[in-house]
Amino acid sequence: MNPDDRQPGRVRKAPENFLGAEFVRELGRDGVNAERRNFLRKSFLAAGAALAGAPLASALAASPGAGDPDILNLPPWSKMLGQPVAARPYGLPSGYEANLVRRQSPGLTSVPQASVSFAPLQGLFGIITPSGLHFERHHQGWVDVDPARHRLMINGLVKRPRVYTMDDLMRLPSVSRIHFLECGANTGMEWGNVAVPTVQYTHGMLSGSEFTGVLLSTLLEDAGFDRVKGKYILAEGADGSGMTRTIAMERALDDVMVAYGMNGEMLRPENGYPLRLVVPGVQGVSWVKWLRRIEVGDQPYGTKDETSHYVDLMPDGMLRQYTSIQEAKSVITSPSGGQVLLNKGFYNLTGLAWSGRGRIRKVDVSFDGGKNWRTARLENPVLPKALTRFNIDWVWDGSPAILQSRAVDETGYVQPTYAQLRAVRGTRSIYHNNAIQSWQVAASGDVANVQV
Amino acid sequence: MRALLLSMPVVLMLAVGLAFPAHAQFAGVGRDATDAEVKAWDIDVRPDFKGLPPGSGSVSAGEQLWTGKCASCHGDFGDDNHVFTPLVGNTTAEDIKTGRVAALKAGGSARTTFTKVNTVSTLWDYIHRAMPWDAPKSLSSDNVYAVLAYLLNLAEVVPADYVLSDRNIAEVQARMPNRNGMTRAHGLWEVNGKPDTQNQACMKDCQAEVKISSALPDYALNAHGNLADQNRTFGAVRGRVTDPKAAASKPAAAPANAVVTALLGARGCTGCHGMETKIIGPGFKEVAGKYQTRADVKAYLADKIAKGGSGVWGSAAMPPQAQLSKSELESIAAWLAAGAQP
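Quick caveat: nothing in here was measured; it's all calculated off a predicted structure.

Reading the values: rules and limits
- Residues numbered from 1 in each chain as written.
- Chains lettered and ligands numbered in written order.
- Predicted model: local features only at pLDDT ≥ 70, side-chain atom pairs only at ≥ 80, totals over all residues.
- Heavy atoms only, no water.
- Helix = DSSP H or I, 4+ residues; strand = E, 2+ residues; numbered from the N terminus.
- Buried < 20%, exposed > 50% of the residue type's maximum accessible area, 1.4 Å probe, protein only.
- Contact = heavy atoms within 4.5 Å.
- Areas by Shrake-Rupley, 256 points an atom, 1.4 Å probe, with all protein chains shown as cover.
- Buried area = accessible area lost by both parts, 1.4 Å probe.
- Salt bridge = Lys/Arg side-chain N within 4 Å of Asp/Glu carboxyl O.
- Polar contact = N/O pair within 3.5 Å; in protein donor to acceptor, adjacent residues only side chain to side chain.
- Disulfide = S-S within 2.5 Å.
- Pairing = 2+ DSSP bridges.
- Phe/Tyr/Trp six-rings, centres within 6.5 Å; stacked < 30°, edge-to-face > 60°.
- Lys NZ or Arg CZ within 6 Å of the ring centre and 35° of its normal.
- Arc of directions from axis to C-beta.
- Core = buried A, V, L, I, M, F, W, Y, C linked by side-chain atoms within 4.5 Å.
- Axes fitted to C-alpha atoms, helices over the stretch in contact; angles between N-to-C directions.

**Examining the overall build of chain A**
Then comes step 1: Broken down by element type, chain A carries ten helices and 24 strands.
Then comes step 2: When the 452 residues of chain A are sorted by exposure, 61% land in the buried category.
Then comes step 3: Counting only contacts in chain A whose residues sit at least 6 apart along the sequence, the fraction spanning at least 24 positions is 70%.
Then comes step 4: Of the roughly 16000 Å² that chain A leaves accessible, carbon and sulfur atoms contribute 55%.

**Points about the interface of chain A and chain B**
Then comes step 1: Taken together, the contacts link 153 residues of chain A with 125 residues of chain B.
Then comes step 2: For the pair chain A and chain B, the summed buried area comes to about 11900 Å², and 57% of that belongs to carbon and sulfur atoms.
Then comes step 3: R232 of chain B is the partner of E97 of chain A in a salt bridge, and the nearest nitrogen-oxygen pair spans 2.8 Å.
Then comes step 4: For the interface between chain A and chain B, the tally reads 61 residue pairs in polar contact (both at pLDDT 80 or more).
Then comes step 5: Residue contributions to the side of chain A that touches chain B peak at ten residues, all from helix α2 (residues 34-52) of chain A.

**Overview of the state of the cysteines**
Residue and element names in this part refer to chain B.
Then comes step 1: Counting across every chain of the model gives one disulfide over all chains.
Then comes step 2: Two residues share a disulfide in this structure: C202 and C206, whose sulfurs sit 2.1 Å from each other. What sets the handedness of the C202 and C206 disulfide is the S-S torsion sign, and at about -100° it is left-handed.
Then comes step 3: Sulfur of C70: no disulfide; nearest cysteine sulfur belongs to C73 and is 8.9 Å away.
Then comes step 4: The class for C73 is partly exposed, based on a relative accessible area of 26%.

**Observations concerning the pairing of strand β18 (residues 360-366) of chain A**
Here is the key point about a regular strand: its side chains alternate between the two faces of the sheet.
Residue and element names in this part refer to chain A.
Then comes step 1: With respect to burial, β18 is a largely interior element, five of its seven residues being buried.
Then comes step 2: As defined by bridge partners, β18 adjoins strand β22 (residues 401-409) across six bridges and the pair is classed as antiparallel. Each residue of the ladder has a partner; that of D364, found in β22, is R406.
Then comes step 3: By the bridge criterion, two bridges tie β18 to strand β19 (residues 374-375) in an arrangement that is antiparallel. Note on β19: the bridge partner recorded for D364 is T375.

**A few points about the packing of aromatic side chains**
Then comes step 1: Scanning the entire structure with this criterion turns up twelve aromatic pairs over all chains.
Then comes step 2: Taking 5.7 Å as the distance between ring centres and 70° as the angle between the ring planes, the aromatic pair formed by F284 of chain B and W335 of chain B counts as edge-to-face. Note that F284 of chain B is positioned in helix α13 (residues 284-290) and W335 of chain B in helix α15 (residues 326-337), a separation of 51 residues in sequence. Each member of the pair F284 of chain B and W335 of chain B is classed as buried.
Then comes step 3: Cluster of aromatic residues (ring-pair linked, three or more members): Y232 and Y322 of chain A together with W189 of chain B.
Then comes step 4: The ring of W373 of chain A carries R406 of chain A above its face, with NZ or CZ at 4.1 Å from the centroid.
Then comes step 5: Above the plane of the ring of W313 of chain B lies K290 of chain B, whose end atom (NZ or CZ) is 5.0 Å from the centre.

**Considerations on unusual backbone geometry**
Then comes step 1: Each neighbour pair has its own omega, and for Y273 of chain A with P274 of chain A the value is 5°, a cis peptide bond.
Then comes step 2: Relative to the elements of secondary structure, P274 of chain A occurs in the loop between β10 (265-266) and β11 (276-278).
Then comes step 3: Cis geometry marks the peptide bond from N380 of chain A to P381 of chain A, where omega comes out at -5°.
Then comes step 4: Looking at the secondary structure, you find P381 of chain A in the loop between β20 (377-378) and β21 (388-396).
Then comes step 5: Backbone geometry at E156 of chain B places phi at a positive 60°, although glycine is not the residue there.
Then comes step 6: Structurally, the position occupied by E156 of chain B is in the loop between α9 (141-154) and β3 (163-165).
Then comes step 7: For E156 of chain B, a relative accessible area of 59% gives the class exposed.

**Remarks on helix α14 (residues 297-307) of chain B**
Residues and elements named next belong to chain B.
Then comes step 1: Taken together, the buried positions of α14 are V297, L301, A302, K304 and I305. Around the axis of α14, the buried residues are gathered within 170° of arc, so they sit on the same side. Across from the buried face of α14, at angles greater than 90 degrees, the exposed residues are A299 and K307.
Then comes step 2: In the core, the buried residues of α14 are packed alongside α13 and α15.
Then comes step 3: G308 sits one or two positions beyond α14 and adopts a positive phi of about 70°.

**So, the nonpolar core**
Then comes step 1: L216, L219, L220, L277, I294, W394 and L403 of chain A are the most contacted members of the largest nonpolar core, which has 89 residues in total.
Then comes step 2: If sequence neighbours within four positions are ignored, L220 of chain A has contacts with I154, F225, M249, A252, L253, I294 and V296 of chain A.
Then comes step 3: Counting 39 residues, the second-largest nonpolar core is a separate cluster that includes W66, V120, W124 and A130 of chain B.

**Let's talk about the sheet that holds strand β1 (residues 31-32) of chain B**
Then comes step 1: A sheet is described by the order of its strands in space; here six strands give the open sequence β8(A)-β7(A)-β12(A)-β3(A)-β4(A)-β1(B), paired in mixed fashion. Two strands bound the open sheet, and with one partner strand each, they are β8 (244-248) of chain A together with β1 of chain B.
Then comes step 2: Pairing of strand β7 (residues 232-237) of chain A with β8 of chain A, which is carried by five bridges, proceeds in the antiparallel orientation. Residue pairing in the sheet places L234 of chain A in a bridge with T246 of chain A of β8 of chain A.
Then comes step 3: Each of β3 (151-156), β4 (162-165), β7 and β12 (291-297) of chain A is contacted by helix α7 (residues 216-223) of chain A, which is oriented at about 135° to β4 of chain A, the strand it contacts most.

**With respect to helix α3 (residues 59-69) of chain B**
Structural remark: α-helix, 3.6 residues per turn; residues separated by three or four positions point the same way.
Residue and element names in this part refer to chain B.
Then comes step 1: Of all the positions in α3, only V59, G62, L65 and W66 are classed as buried. Take α3 and look down its axis: the buried residues cluster within an arc of 115°, on one side only. Looking at α3, the residues exposed on the side facing more than 90 degrees away from the buried face are Q64, T67 and G68.
Then comes step 2: Lining the buried residues of α3 we find β2 (56-58), α4 (71-74) and α9.

Rendered as structure tokens:
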């Protein structure tokens, strides 16, 4: 396709665009058969004709000089009464947004209850992931827990084992904090080579949310935990998998939260409703969902997801156990793999950076595969252990380019190249791949996932 | 009166003191757990076997349980791949001696559960809390000992006549094939741990040459579906059309519901009808609900909309909607019959 043909809103006579935005751009949601499609198309055209003059006729009639038919012919929504308030008591995105949804990676897992769905990072803005698009990772399916019957127990090395209802937890002093949540296996498919086409699949096990809840330290103190012997906690879920993870007491007393709120509403069931652990900076598996129990102990617990999975295989055949921190990482979310640039000219290149060790200090962007770099603008807020949005101006001259971003966090750590990371960790680690991502831009405007 | 007022705070303090022991910082919030409650939920088993309940189970009892409750997903010999990665395989007698699974170093071969797991407590704990996958927490302790004994036998860690119990499980630990295969020497546990890599934030002329080492082959471009349908159809970029068939059928693929809801606006229906609730006439969802089971619903509604009328939902009347073409009437009626989705 000629890049100059992809210019919506410009006056042009290409006949396949006569149908107008509300029709053409809303594509393929429900697999209607050809006959039905034709029928609908006809009926819709007739409707448009009666209301505002046929878009077909007017678009064809409009000479390039006359103006944009979308301006010259008022669209239906300018000439109708809209929907009443509360028509959709719990709001939904526009029907035109149907392309941006959570998606699975075919063949990654064999059963959908022990699987992953990836967030459509390629179309998201800012640093907060809409709750309905938050990635999913379940080991034994998701459950909708009755909050009235949910309990949190604290036991182990404590003076008083305690039980809290949701009533109790929501009375306690609460905090609201913005943090990223990244699966330890995010970008795991790319350790050896390029495996998937878009940022949704390379980096989509990532989200940013505002969490509201109680600091775990508040509860540990209420239970009178053993400050001398209590070195670890075990967090355990109430679902069938009874997910369990060991967390260092140091972390637990620092910024770990027992959260019920996410982005102003209660957690979604897929994300642990009504209670989950929030372990800022640490891989998602430790953020135990449907949290029912915290045990204080003097040894780590060696759970299934600390011995068989979430162990990083090193070149010498040793498995690294209890790898937790998500190190500084960044990715350009647009333009990114599987996208096409409209034409030559100006673009706002945008992406995300984050670090499990604190704040992002800066993000550099390269347009030539890492030879030269320019520093991007960081959007406020820049928060510790939270997604940080970066933007940088780019005028594409139509020649091939390789886009990369490189995050630096407040410890001074610089996001590594693939070569640097593989030199230490090999290619079979599965977990904790935070290498610099490359997107190749072809002269056609096609953007593709590559490694350099 | 004065005496009464004075004594009130004292009474209150006493009451508080009784209800909430002096330690409770958050009066009235939470309570102490009973022993029975802790026992019911504290099910974890640690590598030092703290938490392991007494009991036992034989390999042969385990084989029976396995056939009935586990084999359908994990295969008769625990090496099946169709639901989850194999549990058993790729360990050797030599591994059992050294406690390091050689296959992990060699690379290439499948990582089964037994190649990785270093602590037998993990398997006991996990089977007990989560298996069978579709009926978790349904096995008794003795059942868990038995299926675990069977698994250990499949992995050639214990002989076929073995009876696994809380008393001999430490012996089994000493034979776990990858018991020495874990390391905690890395910088990813502590927030201020030492990173593996030391990249520099070089800004200019950082490398002479850039070589592409890996790219997605063309045949794999569409493996995740048509990428054009995974991006917005407006904005700075589009998704790439990776499915040629999807490209051909594109212009006609507008969703039926959006077409109809636009029509309802264009034809003035939404002045009197809400999507969910009544304005002058009933909400379209209400209409759809009312006729869910009516066989001739499409014909009935098409006719009623065209002719108008009153009395079904109240005394207000709907004027005849003569401006609708026959196909428009039919598409609206079909949309209502299908549940009036937005």
